[in-house]
Amino acid sequence: SAVISQKPSRDICQRGTSLTIQCQVDSQVTMMFWYRQQPGQSLTLIATANQGSEATYESGFVIDKFPISRPNLTFSTLTVSNMSPEDSSIYLCSFSGIYGYTFGSGTRLTVV
Amino acid sequence: AQSVSQHNHHVILSEAASLELGCNYSYGGTVNLFWYVQYPGQHLQLLLKYFSGDPLVKGIKGFEAEFIKSKFSFNLRKPSVQWSDTAEYFCAGVRANNLFFGTGTRLTVIP
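Residues numbered from 1 in each chain as written. Chains lettered and ligands numbered in written order. Predicted model: local features only at pLDDT ≥ 70, side-chain atom pairs only at ≥ 80, totals over all residues. Heavy atoms only, no water.

Okay, the state of the cysteines next. Disulfide: a covalent bond formed between the sulfur atoms of two cysteine residues. Residues and elements named next belong to chain A. Following the criterion strictly, the structure yields two disulfides over all chains and no others. There is a disulfide in this structure between Cys-23 and Cys-93, and the S-S distance comes to 1.6 Å. What sets the handedness of the Cys-23 and Cys-93 disulfide is the S-S torsion sign, and at about -80° it is left-handed. Here the residue Cys-23 occupies a position in strand β3 (residues 19–25), and Cys-93 occupies one in strand β9 (residues 89–97), the gap between them amounting to 70 residues. For the residue pair Cys-23 and Cys-93, the accessibility class agrees, reading buried in each case. Of the cysteine sulfurs around Cys-13, a residue in no disulfide, the closest is that of Cys-23, at 16 Å. (Disulfide = S-S within 2.5 Å. Helix = DSSP H or I, 4+ residues; strand = E, 2+ residues; numbered from the N terminus. Buried < 20%, exposed > 50% of the residue type's maximum accessible area, 1.4 Å probe, protein only.)

Spelled out as structure tokens, the structure:
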């Protein structure tokens with residue numbers, strides 16, 4: 001099955017700054033997804049990223065805050081913009097394939 | 001609303017006890033259901049999935065789940081838990097090609 005690599009694995013950022021998270025898949029995938037897992041909570045879908053079109057955001061998430069790029073079928077980035085402590089979470093990328101949904105190892109973000 | 005729900009927030013068991021974690025779904029049409037596990041400090045791993053066919057699904061590490069359409073349920077089971085099964089367990093379903101999760105159940109296994 002395909003492998004997905006996510007980086008950085010963790011970061012501590014100052015409020016007001018932005019962080020870009022990268023995900024690389026070792027094969028071409030049509031749909032990639034970005035999730036947030038706040039402390040002690042379940043995963044919430046942020047957006048779906050398809051190559052060649054704008055990402056589709058779930059309710060409560062907007063492009064200005066979480067811009068997403070999908071330049072090709074193996075790569076995507078999520079930027080957390082103008083961060084505040086409330087953005088401290090684990091962010092995960094995922095893709096769907098014949099084996100189901102595979103997740104990256106996550107980026108643990110702490111905003112101070 | 002299309003969703004999955006997990007009613008057990010925290011389950012504590014002794015080693016060798018049997019496990020059943022509840023998951024209910026609330027949508028019709030094609031049903032694709034999953035169970036994921038997240039061990040402390042680790043990323044999500046797929047335990048098992050149901051797309052169609054045999055409603056009793058065998059997964060990794062001795063886990064299984066049964067899809068019961070009449071009860072809208074997809075409960076996770078294991079006949080004898082081990083301390084190493086201590087983790088967070090998430091039921092998930094698919095809606096418009098998106099995977100959405102239940103709130104999770106924390107399992108603590110006491111040696």
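Let's shift gears to the interface of chain A and chain B. With 17 residues of chain A in contact, the opposing surface of chain B contributes 16 residues. Interface area, chain A with chain B, both sides summed: about 1300 Å², of which 56% is carbon and sulfur. Broken down residue by residue, the surface that chain A buries against chain B is led by Ser42(A), Tyr101(A) and Phe103(A), which jointly contribute 39%. One can count zero salt bridges joining chain A with chain B. The tally of links between chain A and chain B comes to five residue pairs in polar contact (both at pLDDT 80 or more). Among the secondary structure elements, those contributing two or more residues to the side of chain A that touches chain B are β4 (31–37), β5 (43–50) and β10 (100–103) of chain A. (Contact = heavy atoms within 4.5 Å. Buried area = accessible area lost by both parts, 1.4 Å probe. Salt bridge = Lys/Arg side-chain N within 4 Å of Asp/Glu carboxyl O. Polar contact = N/O pair within 3.5 Å; in protein donor to acceptor, adjacent residues only side chain to side chain.)

Let us look at the nonpolar core. The biggest cluster of nonpolar side chains holds 29 residues, and the ones touching the most others in it are Trp35(B), Leu48(B), Phe74(B) and Tyr89(B). Those residues in contact with Tyr89(B), other than ones at most four positions away along the chain, are Gln6(B), Leu21(B), Trp35(B), Tyr36(B), Val37(B), Leu47(B), Phe63(B), Leu76(B), Gly104(B), Thr105(B) and Leu107(B). Grouped together as the second largest cluster of nonpolar side chains are 26 residues, Ala2(A), Cys13(A), Tyr57(A) and Val80(A) included. (Core = buried A, V, L, I, M, F, W, Y, C linked by side-chain atoms within 4.5 Å.)

Read these as geometric descriptors, not functional statements.
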